[in-house]
Amino acid sequence: MEFPIELSPKFLLLATELNVKPEDIKEHFTRGGGPGGQKINKTSSCVELRHTPTDTIVRVQKHREQSANRTSAYKLLLLKIEENIKGKESEFAKKRFKIRKQKNRRSRKSKEKMLEEKHQRSKIKEIRQKII
């Protein structure tokens, strides 16, 4: 299985695991949009990939070079296909869940426990202070 670009072994393994074939992926290069002025209007650096069996579409315009966008697009496509197939067990979904969990507020009970531990620690530090 030869992809048109060089992918890391991690992504090649993921592609074989998901049974993604390079023949099933259609590439399309378009002009980008957004800020950038004259340069962005003249060059076709935006990469759009479509995986026909799953009908997954990815469009990437992160970098100035077409080759870098192409690499990023292939990686993103593989991650999206994995998320569609595996659901919550995919690497992408696990990372998103971890970030969401970190940003959640603490429960009342855990907050009280944390504050009680801080209070105990401050008592210990008070005892250690020198008496003048």
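These lines cover the structure that appears in this document, whether it is placed above or below. (Residues numbered from 1 in each chain as written. Predicted model: local features only at pLDDT ≥ 70, side-chain atom pairs only at ≥ 80, totals over all residues. Heavy atoms only, no water.)

1. Looking at the sheet that holds strand S2 (residues 46-51)
Then comes step 1: The strand order across the open sheet formed by 3 strands is S1-S2-S3, and the pairing between neighbours is antiparallel. Looking along the sheet, the strands with just one partner apiece sit at the ends: strand S1 (25-30) and strand S3 (56-60). The mean angle between the axes of side-by-side strands here comes to 15°, regardless of whether they run parallel or antiparallel.
Then comes step 2: The sheet contact formed by S1 and S2 spans 6 bridges and is antiparallel. Within the sheet, the bridge partner assigned to threonine 30 lies in S2 and is cysteine 46.
Then comes step 3: Strands in contact with helix H3 (residues 66-86) are S1, S2 and S3; relative to S3, the strand with the most contacts, it is inclined by about 150°. (Pairing = 2+ DSSP bridges. Helix = DSSP H or I, 4+ residues; strand = E, 2+ residues; numbered from the N terminus. Axes fitted to C-alpha atoms, helices over the stretch in contact; angles between N-to-C directions. Contact = heavy atoms within 4.5 Å.)

2. Focus: the side chain of serine 45
Then comes step 1: Tracing the chain through its elements places serine 45 in the loop between helix H2 (38-42) and S2.
Then comes step 2: Using a relative accessible area of 4% as the deciding quantity, one classes serine 45 as buried.
Then comes step 3: Excluding residues within four positions of it along the chain, serine 45 makes contact with Thr30, Val60, Arg64, Gln66 and Asn69. (Buried < 20%, exposed > 50% of the residue type's maximum accessible area, 1.4 Å probe, protein only.)

3. A look at the pairing of S3
Along a regular strand, successive side chains alternate from one face of the sheet to the other.
Then comes step 1: Here S3 shows a clear split, with Thr56, Val58 and Val60 buried on one side and none of Ile57 and Arg59 buried on the other.
Then comes step 2: Judged from the 5 bridges that link them, S2 and S3 form a sheet pairing that is antiparallel. Bridge pairing in S3 links histidine 51 to threonine 56.
Then comes step 3: Here S2 hands over to S3 after 4 residues, with aspartate 55 in that stretch at a positive phi of 55°.

4. Quick notes on the side chain of glutamate 82
Then comes step 1: Residue position: glutamate 82 is located in helix H3.
Then comes step 2: On the accessibility criterion, glutamate 82 (5% relative accessible area) is buried.
Then comes step 3: For glutamate 82, the residues in contact, after removing those within four places along its chain, are Leu14, Leu18, Gly87, Ser90 and Glu91.

5. Quick look at helix H1 (residues 9-18)
Then comes step 1: For H1, every residue scored as buried is listed here: Phe11, Leu14, Ala15 and Leu18. Taken end-on, H1 shows its buried residues confined to a sector of 100°, consistent with a single buried face. H1 presents Pro9 and Leu13 as exposed residues on the side facing more than 90 degrees away from its buried surface.
Then comes step 2: As for H1, its buried residues are in contact with H3. (Arc of directions from axis to C-beta.)

6. So, the packing of H1 against H3
Then comes step 1: Where H1 contacts H3, the two axes come as close as 10 Å, and the packing angle between them is 40°. Compared by their axis directions, H1 and H3 come out oblique. Viewed along their axes, H1 and H3 form a crossing whose handedness is left-handed. Note on element contacts: H3 touches H1 through Lys75, Leu78, Leu79, Ile81, Glu82, Ile85 and Lys86, opposite Phe11, Leu14, Ala15, Glu17 and Leu18. (Parallel < 35°, antiparallel > 145°, perpendicular 65-115°, else oblique. Left-handed = near helix turned anticlockwise from the far one by under 90°.)

7. Describing unusual backbone geometry
Then comes step 1: We note that asparagine 19 has phi near 60°; this positive angle belongs to a residue other than glycine.
Then comes step 2: Checked against the element boundaries, asparagine 19 lands in the loop between H1 and S1.
Then comes step 3: Look at asparagine 19 and you get exposed, because its relative accessible area is 53%.
Then comes step 4: Phi at aspartate 55 is positive, roughly 55°, even though this residue is not glycine.
Then comes step 5: With respect to the helices, strands and loops of the structure, aspartate 55 is situated in the loop between S2 and S3.

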